[in-house]
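Below, each chain spelled out in residue letters.
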Amino acid sequence: MGAPMPGSEAWPGSEDMTVVLPATIGPYVVMRPLGGGGMGVVSLCRTTSGRLVAVKQVREEYADDPAFRSRFRREVAAARRVSGVFTVPVMDADTEGHRPWVASAYIPGPTLDQAVRVCGSFQEPALRALGTGLTEALQAIHGAGLVHRDLKPGNVLLAADGPRVIDFGISKALGETRLTGTGTVIGSPAFMAPEQIASSHDVGPEGDVFSLAGLLVYAACGKGPFGTGDEGALHRVVTAKPDLSGVPHALHPVLQRCLDKTPSRRPTLDEVLSQLAPADPAALLVPALREDLAVRARKDSATSGYCMIRSQSADGAEVGRASFRFTEHQDRIDKVVTLRTTRRGTTGELVACRADC
């Protein structure tokens, strides 16, 4: 089965054992970290059946903040309203526990910014495929009565079957006007629309169209149409013309319309789809991205897992639990094993394990 987890002082069959459990979030066993932001961390986890999920959990320092909890509840509620091929479904959540969390389907792909670093600039066929996928994701989001408001490279995942839009942390319902304090600007400066800078309350679906164009420029050039998110980004978004010098010329007309400073002059999502056609979804899988996805798949299949062992006395009463790590490509473990725990003379029954290595 492999070596005991760190912290275990003995192996089954010895006189004593320190009982150790794997880290868990709700009912999910934590496998490894995936990333995180200022207010939450995301972990790759497994269900009891072995299915992979991504679980976002609020950081300890924000868990007792009523305003943050309210925002987190809104985020979860918003994400649950959206369903679409190019969004990520919410599977489970606990917004009232000590440290709130939300579990979503795991998408084994890089974020757009990671993909650009690995693959370099995307060419026109890949840009059209990316653009149509993101546009369809926005159709699902807007169709659910929401505006995303934070489309940026870190909130787009690239999977083998297309892009996914994630993170509804600052989304708002259409017509909702009270989410931020006066003068507060929320979003990512290099990709937010001018009206979002002026007043986050006034952002409608047109703001997401503006940000969509920024993502395509980023994928083509490695930077947004108004440069990086430095101190001058907000001013450039409001006053400067977008820089499309590294974008294929055939895409200039649609991107220029999307990046118009006046929301009413931007195209609808249906118009964006029409102008991005024809698009071949397979064109997004450039060789470097295909290899990156393959590496990630191998890593996920070899991720360390855990055996959970319940210790029982002769009368069947549980007297302890222990956990062992088993690593790459071990065979399915489906037998009852025997061990000694801190209470001698007990037996251990294997009650859960990683079974799909």
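The preceding data block contains the structure.
Reading the values: the criteria
- Residues numbered from 1 in each chain as written.
- Predicted model: local features only at pLDDT ≥ 70, side-chain atom pairs only at ≥ 80, totals over all residues.
- Heavy atoms only, no water.
- Helix = DSSP H or I, 4+ residues; strand = E, 2+ residues; numbered from the N terminus.
- Buried < 20%, exposed > 50% of the residue type's maximum accessible area, 1.4 Å probe, protein only.
- Contact = heavy atoms within 4.5 Å.
- Areas by Shrake-Rupley, 256 points an atom, 1.4 Å probe, with all protein chains shown as cover.
- Axes fitted to C-alpha atoms, helices over the stretch in contact; angles between N-to-C directions.
- Parallel < 35°, antiparallel > 145°, perpendicular 65-115°, else oblique.
- Left-handed = near helix turned anticlockwise from the far one by under 90°.
- Pairing = 2+ DSSP bridges.
- Expected span 1.5 Å × (residues − 1).
- Polar contact = N/O pair within 3.5 Å; in protein donor to acceptor, adjacent residues only side chain to side chain.
- Salt bridge = Lys/Arg side-chain N within 4 Å of Asp/Glu carboxyl O.
- Phe/Tyr/Trp six-rings, centres within 6.5 Å; stacked < 30°, edge-to-face > 60°.
- Nonpolar A, V, L, I, M, F, W, Y, C, P; charged D, E, K, R; others polar.

Bringing the overall build of the chain into the picture now. Each helix and strand counted, the chain has nine helices and 13 strands in total. Burial analysis of the chain (357 residues in total) assigns 48% to the buried set. For the chain, the share of sequence-separated contacts (at least 6 apart) that also reach a separation of at least 24 residues comes to 62%. Accessible area for the chain stands at about 16400 Å²; split by element, carbon and sulfur atoms hold 51% of it.

Bringing the packing of helix α3 (residues 124-143) against helix α5 (residues 205-221) into the picture now. The axes of two packed helices give the description: the angle between them and the distance between them. Remark: α3 packs on α5, axes separated minimally by 10 Å, with the N-to-C direction vectors making an angle of 160°. As far as their axial angle goes, α5 and α3 are roughly antiparallel. Every pair of crossing elements has a handedness; the one defined by α3 and α5 is right-handed. Touching L127, L130, G131, L134, T135, L138 and H142 of α3 are P205, D208, L212, L215, L216, A219 and A220, all from α5.

We now examine the sheet that holds strand β6 (residues 101-105). Read from one edge of the open sheet, six strands run β1-β2-β3-β4-β6-β5, paired in antiparallel fashion. With one partner strand each, in any of the chains shown, β1 (24-25) and β5 (90-94) form the two edges of the open sheet. Bridge count between strand β3 (residues 40-46) and strand β4 (residues 52-58): seven bridges; the pairing is antiparallel. Residue S43 lies in a different strand from β4, and its bridge partner there is V55. Against the sheet, helix α1 (residues 66-81) engages β4, β5 and β6, with an angle of about 160° to β5.

Let us look at α1. Look at α1: 23 Å from first C-alpha to last across 16 residues, which is about the 22 Å you get at 1.5 Å a residue. The complete set of buried residues in α1 reads F68, R69, F72, E75, V76, A78 and A79. Summarising the contacts, the buried residues of α1 are in contact with β4, β5, β6 and β7 (146-147). Between a side-chain oxygen at the N-terminus of α1 and the backbone nitrogen of A67 the separation is 3.0 Å; the capping residue is D65.

Here we come to the pairing of strand β9 (residues 162-165). Pairing between strand β8 (residues 156-159) and β9: four bridges, direction antiparallel. Bridged to L158 within β9 is P163. Connecting the antiparallel pair β8 and β9 is a turn made up of two residues.

A few words on the pattern of salt bridges. Taken as a whole, this structure holds 13 salt bridges when the rule is applied. Across the salt bridge formed by R257 and E271, the nearest N and O atoms sit 3.7 Å from each other. A residue pair is termed long-range when its members are at least 10 positions apart, and R257 in helix α7 (residues 252-258) and E271 in helix α8 (residues 269-276) qualify at 14 residues. Overall, R257 belongs to the partly exposed group, its relative accessible area being 32%. A cluster of three or more residues bridged by salt bridges with shared partners is formed by K56, E75 and D167.

Attention shifts here to unusual backbone geometry. The residue after A277, namely P278, is reached through a cis peptide bond having omega -5°. Within the element layout of this structure, P278 appears in the loop between α8 and α9 (287-301). For R149, which is not glycine, the phi dihedral falls at a positive 75°. Inspection of the secondary structure puts R149 in the loop between β7 and β8. Among the residues examined, R149 registers a relative accessible area of 3% and is labelled buried.

It is worth spelling out the packing of aromatic side chains at this point. Centre distance and the angle of the planes are the two values used to describe a pair of aromatic rings. Across all of its chains, the model carries four aromatic pairs by this definition. Centroid distance Y28 to W101: 5.7 Å. Interplanar angle 90°. Geometry classified as edge-to-face. Here Y28 is found in strand β2 (residues 28-36), whereas its partner W101 is found in strand β6, with 73 residues between them in sequence. Ring centres 5.4 Å apart and planes at 35° place the aromatic pair Y62 and F68 in the tilted group.

With their axes 9 Å apart at the nearest point, helix α2 (residues 112-119) and α9 run at an angle of 115° to one another. Both α2 and α9 take part in a crossing whose hand is right-handed. On α9, the residues that touch Q114, V118 and C119 of α2 are A288, L289, D292 and R296. Looking at side-chain class alone, the contact of α2 with α9 contains four nonpolar, one polar and two charged residues.

Take the pairing of β6 next. Taking burial as the measure, the five residues of β6 include five buried ones, the bulk of the element. Summarising the sheet, β4 and β6 pair through five bridges and their orientation is antiparallel. Across the sheet, residue K56 finds its bridge partner in β6, namely V102. In the sheet, β5 pairs with β6 via four bridges, with the strands oriented antiparallel. Following the sheet pairing, V90 is matched in β6 by S104. The antiparallel hairpin formed by β5 and β6 contains six residues in its connecting segment.

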